[in-house]
Amino acid sequence: MRHNFKNLKIWLKAMDLTDMVFEFSRELPANERYNLIDQINRSSCSIPSNIAEGSGKNTDKHFAEFLSIAISSSFELETQLLICERRKYGAIGKLKDCIDLVSEVQRMLFSFREYILKTEVKSLNS
């Protein structure tokens, strides 16, 4: 079953997260440009990208695999944001907003993945 990723709430929320993270990362120290900043930006882009890529797969099982990759990227991003927190990088308010939103996206991804897998099982049993 294919899904139009542009209509998925989880994709829209992940895009919001990417925008927020890119905005936050602009304020990080210049010496982190080719290290932490690039990693943060890549992992934030990976979340909606994997949702979109998975939405075009032929089965919900394959879609769920890409949602799992998006979940992994979200934990990578969360870790990088926590590194910023430990190093006292960036505006604390913006950082907290990013961490809160990544947690929300993680919850949504887990729930959506479970829904997709249940849908797959139901269609196999029909």
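Notes on the structure in this doc start here. Predicted, not measured: the structure shown is a model, and the values here were computed from it. (Residues numbered from 1 in each chain as written. Predicted model: local features only at pLDDT ≥ 70, side-chain atom pairs only at ≥ 80, totals over all residues. Heavy atoms only, no water.)

**A look at the nonpolar core**
Stated formally: For this analysis, a nonpolar core means a set of buried residues of the types Ala, Val, Leu, Ile, Met, Phe, Trp, Tyr and Cys, connected via side-chain atoms within 4.5 Å. Classification of residues uses two cut-offs on accessible area relative to the type maximum, computed with a 1.4 Å probe and protein chains only: under 20% is buried, over 50% is exposed, and between them is partly exposed. Note on conventions: DSSP H or I runs of at least 4 residues are helices, E runs of at least 2 residues are strands, and numbering of each starts at the N terminus. The criterion used for residue contact is that any of the two residues' heavy atoms lie within 4.5 Å.
The biggest cluster of nonpolar side chains holds 32 residues, and the ones touching the most others in it are Leu 17, Ile 47, Ile 51, Leu 77, Leu 81, Cys 84 and Leu 109. Contributions of two or more residues to this core are made by α1 (9-25), α2 (33-55), α3 (60-87) and α4 (92-125). Element by element, the count of residues in this core is highest for α4, at 9 residues. Setting aside its immediate chain neighbours within four residues, Leu 109 contacts Ile 10, Ile 47, Ile 51, Leu 67, Ala 70 and Ile 71.

**A word on the pattern of salt bridges**
Short version of the rule: Only one rule defines a salt bridge in this text: a Lys or Arg side-chain nitrogen within 4 Å of an Asp or Glu carboxyl oxygen.
The final tally for this structure, using the stated rule, is 8 salt bridges. We note a salt bridge from Glu 23 to Lys 94, for which the minimum N-O separation is 3.9 Å. In this pair, Glu 23 is assigned in helix α1 and Lys 94 in helix α4, connecting sequence segments 71 residues apart. Among the residues examined, Glu 23 registers a relative accessible area of 36% and is labelled partly exposed. Given the relative accessible area of 32%, Lys 94 is considered partly exposed. The partner of Lys 94 in a salt bridge is Glu 27, with the nearest N and O atoms 2.5 Å apart.

On their own, these measurements won't tell you what the molecule is for.
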